[in-house]
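# Chain and residue survey
Next come the chains, spelled out residue by residue.
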Amino acid sequence: MASTVLVGLQWGDEGKGKIIDYMTERSDVVVRFQGGNNAGHTVEIGAEKFVLHLVPSGILREGILNVIGNGVVVNPVALWEEIDALQRRGVAASSRLRLSGRSQLIFAYHCLMDGFREGRLGDRKLGTTRRGIGPAYADKVSRTGIRASAMADAGRMEALFRAQAAEYNAIFRQAGCEVLDVDAEWAKVKAVLPHLVPLLDDTALLVNRAADAGKEILFEGAQGTWLDIDYGTYPYVTSSNTTSGAACTGGGLAPCRIDRVVGVLKAYSTRVGSGPFPTELQDATGDLLRTRGGEYGATTGRPRRCGWFDAVATRYAVMLNGASRVALTKLDVLDSLPVLRICTAYQLDGKTITDMPVDSADLERAVPVYEEMPGWQQDTTGVRSRRALPKAARAYVARLLELSGTKLQIVSVGPKRDQTFTVGR
Ligand code: IMP
Ligand code: MG
């Protein structure tokens, strides 16, 4: 038995939800360790489609313990809405879920602040999901946040909420913008407390006891490497560490107890929101990827920016995460293309570079150097083994892996649970 961290190696939306669902066939515990309901993890089972935001992707299988760890920022109203919707669809979500008392809460004032800041930035806006993620993490680090454990005492919770809401409203009032209706918002929060308080736990203890008992633990990353607050294309990033190390700090298991890191990698690139994206295609090929790949945000519905596979960015991401194995997703989306391009280097100010520049302004100026490969122009959605892939598809995959310095474990050729196969362990 082992503990595995699964992370996105690009800008998010690599298909982590689907891969987690596939991998959880063998798991006992699934742990979310960062981010919040900015995430949108889509899982399709038979004719049913589930989009999960805060609830870990192991929720759809019976017998799995799902943990929202201390590194997550949790909007209690949104969490209950998600649990309730799952339960109405026959998924026994509450009984499969534990919530860290150390996680930080997101309230409506964080969402208002998120929108307010974006508005002030004008055309330099980050393109956030407006779920209050940045302001909630800022409160955590400023030591003015409210932890989930406070929910256990409604009186204390109300006092903390009202005090912090008053702080935010003072800022909103000064700025002459929308002010939060504190009473109405408190009523919403109060109404969900009885549902969420029973889920509170010391999840670090839970996770370590599960590891002691030899259970299979899967840490489910949200967003992707290039949205990481430290390594991503700052400031066009999210407000948490999305790389594998965060599984330890945000999930509660020590580094020496993590056995392996699996990266999720899409066969091409996408990005939602602003920021540098060297291989972006603003042409018919980009439109084709968007349409065939259904590249619209699972959380916000925004069209995703689409482009060629970037081996420079991916090799760096493999290094940062220690992703010795990858799950390659959406290979089928490339089925109709006659020629494929892979970015192998960047041209920057007259130099050829093969590592990601540190500064986003440099990445913004970087011009990709491409290598071309023939497409396969065959339907791969029914393929269930590496051998059965068209020869050109095998060559494309082999080249991606070689350039990225990693090995293949799982391939996905469609959104359904059964459109997936394992090639190595
Ligand atoms: P925030 O996380 O809402 O603050 O948004 C910051 C940036 O991260 C924006 O560019 C978002 O589009 C992006 N982002 C946040 N969550 C996700 C996700 O789950 N998938 C893809 N992009 C995301
Ligand atoms: Mg997503």
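Please refer to the structure placed before this passage.
Here's what I pulled together on the structure shown here. (Residues numbered from 1 in each chain as written. Chains lettered and ligands numbered in written order. Predicted model: local features only at pLDDT ≥ 70, side-chain atom pairs only at ≥ 80, totals over all residues. Heavy atoms only, no water.)

## A closer look at the sheet that holds strand S10 (residues 217-220)
What counts, and what does not: At least two DSSP bridges between two strands are needed for those strands to be called paired. The numbering of helices and of strands both runs from the N terminus, where a helix is a DSSP run of H or I of at least 4 residues and a strand a run of E of at least 2.
Strand order in this open sheet of ten strands is S9-S7-S5-S2-S10-S1-S11-S15-S19-S20, and the pairing throughout is mixed. At either end of the open sheet lies a strand with only one pairing partner, and these are strand S9 (200-201) and strand S20 (420-422). Across three bridges, strand S5 (residues 65-68) lies against strand S7 (residues 97-100) in parallel orientation. Among the inter-strand pairings, Asn66 is bridged to a residue of S7, identified as Leu97.

## Describing the site of ligand 1
Here is the rule we go by: Any residue with a heavy atom lying within 4 Å of a molecule or strand is counted as near it. Counted as a polar contact is a pair of N or O atoms within 3.5 Å, where, for protein atoms, one must be capable of donating a hydrogen and the other of accepting one, and residues adjacent in sequence contribute only when both atoms are in side chains. All accessible areas in this document rest on Shrake-Rupley with a 1.4 Å probe, and a residue is counted as covered only by the protein chains that are shown. Each residue gets one of three labels, nonpolar for Ala, Val, Leu, Ile, Met, Phe, Trp, Tyr, Cys and Pro, charged for Asp, Glu, Lys and Arg, and polar for the others, Gly among them.
Within the structure, ligand 1 sits among 16 residues, and Asp13, Asn38, Thr129, Thr238 and Arg302 are positioned closest to it. One of the side-chain N or O atoms of Asp13 is found 3.3 Å from a nitrogen atom in ligand 1. With respect to ligand 1, the side chain of Arg302 contributes an N or O atom lying 3.0 Å from an oxygen atom. With the chains in place, 97% of the 480 Å² that ligand 1 exposes on its own is no longer accessible. Of the residues that constitute the shell around ligand 1, the class distribution is six nonpolar, eight polar and two charged.

## So, empty space enclosed by the protein
Test applied: The pocket and cavity definitions rest on a 1 Å grid over protein atoms only: a 1.4 Å probe that fits but cannot leave marks a cavity, an open set with protein on both sides within 12 Å along at least five of seven lines marks a pocket, and residues lining either have an atom within 4 Å of a point. Grid points are joined across faces, edges and corners, and a volume is the space filled by probe spheres set on the points.
Within this structure, the stated rule accounts for one cavity of 30 Å³ or more. Quantified by volume, the largest cavity comes out at close to 60 Å³. Lining the largest cavity are Thr4, Met23, Arg26, Ser27, Glu216, Ile217, Leu218 and Arg260. Of the residues that constitute the lining of the largest cavity, the class distribution is three nonpolar, two polar and three charged.

## A look at the coordination of the magnesium ion (ligand 2)
Short version of the rule: Coordination here is defined by N, O and S atoms within 2.8 Å of the metal (3.2 Å for Na, K and Ca), and since water is not considered, a site can look incomplete. Accessible area is worked out with a 1.4 Å probe on protein chains only. A residue is then buried under 20% of its type maximum, exposed over 50%, and partly exposed in between.
The coordination sphere of the magnesium ion (ligand 2), as far as protein atoms go, consists of Asp13 (OD) and Gly40 (O), spread over 2.2 to 2.5 Å. Of this pair, Asp13 sits in the loop between strand S1 (3-8) and helix H1 (16-23) while Gly40 sits in the loop between strand S2 (29-32) and strand S3 (41-45), and the two are 27 residues apart along the sequence. With a relative accessible area of 22%, Asp13 lands in the partly exposed category. For Gly40, a relative accessible area of 15% puts it in the buried group.

## Looking at the layout of surface pockets
The condition that has to hold: Boundaries of every domain are those given by an automatic assignment or by a domain database.
Its boundaries defined by the atoms lining it, the second largest pocket holds a volume of some 190 Å³. If you trace the second largest pocket, you find 13 residues lining it, with Trp226, Tyr231, Gly232, Pro357 and Val358 closest to the centre. Residue composition of the lining of the second largest pocket, grouped by class: eight nonpolar, three polar and two charged. Residue contributions to the lining of the second largest pocket reach at least three from each of two domains, namely domain 1 (3-100 + 199-260) and domain 3 (265-422).

## Describing the packing of helix H3 (residues 108-121) against helix H5 (residues 154-174)
Keep this limit in mind: Throughout, an axis means a line fitted to C-alpha atoms (over the contacting stretch in the case of helices), and angles, computed between N-to-C directions, take values from 0 to 180 degrees. An angle counts as roughly parallel when it lies under 35 degrees, as roughly antiparallel when it exceeds 145, as roughly perpendicular when it falls between 65 and 115, and as oblique in every other case. When the near helix sits turned anticlockwise from the far one by under a right angle, the crossing is termed left-handed; a clockwise turn instead gives a right-handed crossing. When checking whether two residues touch, look at their non-hydrogen atoms; a contact exists if any pair is within 4.5 Å.
Here H3 crosses H5 at 20 degrees, and the two axes come no closer than 10 Å. Put simply, H3 runs roughly parallel to H5. The crossing of H3 and H5 is left-handed. Taking contact as the criterion, the partners of Tyr109, His110, Leu112 and Met113 in H3 are, on H5, Phe161, Gln164, Ala165, Tyr168, Ile171 and Phe172. Across the contact of H3 with H5, the residue classes tally to eight nonpolar, two polar and no charged.

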